[in-house]
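Geometric and topological summary
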Amino acid sequence: LKEIFLEGSKETESGEIRASLVADTSCILGECILWEKTAQCVWWTDIDGRALFRMSTETGDIEKINMPKMVGGFCFTTQPNILLLGWEDGFQLYDWVKQEPVGDYSKGPCVNPAGLPSRLNDGRCDPTGDYFVCGAFYGNLPNCKVNVYAVTCNDGGQNKLSHQPILENIQITNSLAFDQDKMFFCDSPTKRIRVFDYQNGQIAQTSMKEIYTWPGVGFPDGSCVDSEGFLWSCIWRQGDGPGKVQRIDPSTGEVVFVVHMPDTTSRCTCCCFGGPELDILFVSTASIESDLVLEPKAGGVYAVKLPFTGKPESHFKL
């Protein structure tokens, strides 16, 4: 980690920029990686492993927090130690230090009416901190469609949550990221990344624009937005070669920069910018469905220092 923080991105002989493995955690489905500025830590969830991970970039220490259910997505809140979780079956505040829920589940439509293995998946707090936007995964169930939801806090000092759908009839929520009044999204089986006008927990359906289509095996997974408004999209290559993260110009759909995995790990799942200068790109990966003989480091977390910077992570207002 210290080497990554001190040195810039390195090019291989072929001119590729490659990340380095910084956490060999073998997650089944590492996802939703986020940077916590105050503690200088990077967080992520292992959805199928039912655990949260927290790694200090100052010491390299990794803390594993076992969870009672799958956590598909989560975000930080304005209250210390309190996270907003997208459990497999609903939204709830959670004290990760005491390892106990805070209050009831959010009120609103059932997020997985077909039951498991459908569940909540990718999520991110919007720039205002007023809404946590998180969608579901259809669980490979025939004829199952799921939604993306906006979660808000109905104040009154009770931290009561409620949620409503803002995008319906999809299969796999991914690529949720924000740039001011824009929301990026990908229904992964379509392989197409779209952008919508966004305000106050709502999207304008008529504003939808397709900005990029992945042409190969696999699909776009999680993403984040840098300080210049470019989208960093993780590519889940599904065993078809090493994974990568692509920097996409949303105005043209052009891929203008690529970070490659340094090994055979093919399933990149999510990314975030972190470090004191927000110039370290962290990438979570998955080992699920992987041939671990061919991909022995799958499920780890990778990082690379870049000539680009990210944005501070929004905190959900309580």
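In this text, all values refer to a predicted model and were calculated from it rather than measured experimentally.

**Some details on the sheet that holds strand β12 (residues 132–137)**
- Read across the sheet, four strands follow the order β11-β12-β13-β14 without closing on themselves; strand pairing throughout is antiparallel. The open sheet has two free edges, formed respectively by β11 (119–125) and β14 (160–170), since each of these has just one partner strand. Between one strand axis and the next, the sheet turns through 25° on average, direction left out of account.
- Both β12 and strand β13 (residues 146–154) contribute to a ladder of four bridges, which runs antiparallel. Bridging across to β13, G135 finds its partner in V148.

**Quick notes on the environment of A136**
- Mapped onto the elements, A136 comes out in strand β12.
- Along the primary structure A136 and A298 are separated by 162 residues, whereas in three dimensions their C-alpha atoms are 23 Å apart.
- What A136 contacts, discounting residues up to four positions off in sequence, is V111, R119, L120, N121, V146, N147, Q171, I172 and T173.

**Quick notes on unusual backbone geometry**
- A cis amide bond links L116 with the next residue in sequence, P117, at an omega value of 10°.
- By the element assignment, P117 lies in the loop between β10 (100–102) and β11.
- A positive phi angle, close to 50°, is found at S26, a residue other than glycine.
- Relative to the helices and strands, S26 is located in the loop between β2 (20–23) and β3 (30–36).

**Details of the sheet that holds strand β15 (residues 173–179)**
- If you walk across this open sheet you meet the four strands as β15-β16-β17-β18, and the pairing is antiparallel. Two strands lie at the open edges of the sheet, namely β15 and β18 (202–213), each paired on one side alone. Within this sheet the neighbouring strands show an average axis-to-axis angle of 25°, counted without direction.
- Here strand β16 (residues 182–187) runs beside strand β17 (residues 192–199); their pairing, made up of five bridges, is antiparallel. Following the sheet pairing, F184 is matched in β17 by V195.

**Describing the packing of aromatic side chains**
- One pass over the structure, following the stated rule, counts 16 aromatic pairs.
- Each ring, one from W87 and one from Y94, has its centre 5.6 Å from the other, and the planes form 90°; the classification is edge-to-face. The pair formed by W87 and Y94 is uniform in burial state, with each residue classed as buried.
- Ring geometry for F257 against F308: centres 5.0 Å apart, planes inclined by 80°, an arrangement best described as edge-to-face. In this pair, F257 is assigned in strand β22 (residues 255–260) and F308 in the segment after β25 (301–305), connecting sequence segments 51 residues apart.
- On the basis of relative accessible area, F308 is assigned to the buried category, the value being 13%.
- In textbook terms, an aromatic cluster arises when at least three aromatic residues are bridged by ring pairs, as seen for W43, F74, F76 and W96.
- In this structure, R247 is placed above the aromatic ring of F230, and the distance from its NZ or CZ to the ring centre is 3.9 Å.

**Quick word on the pairing of β16**
- In terms of residue burial, β16 counts as a mostly covered element, since five of its six residues are buried.
- The sheet contact formed by β15 and β16 spans five bridges and is antiparallel. Bridge pairing links T173 to D187 in β16.
- Between the antiparallel neighbours β16 and β17 lie four residues, among them K191 with a positive phi of about 65°.

Reading guide: rules and limits
- Residues numbered from 1 in each chain as written.
- Predicted model: local features only at pLDDT ≥ 70, side-chain atom pairs only at ≥ 80, totals over all residues.
- Heavy atoms only, no water.
- Pairing = 2+ DSSP bridges.
- Helix = DSSP H or I, 4+ residues; strand = E, 2+ residues; numbered from the N terminus.
- Axes fitted to C-alpha atoms, helices over the stretch in contact; angles between N-to-C directions.
- Contact = heavy atoms within 4.5 Å.
- Phe/Tyr/Trp six-rings, centres within 6.5 Å; stacked < 30°, edge-to-face > 60°.
- Buried < 20%, exposed > 50% of the residue type's maximum accessible area, 1.4 Å probe, protein only.
- Lys NZ or Arg CZ within 6 Å of the ring centre and 35° of its normal.

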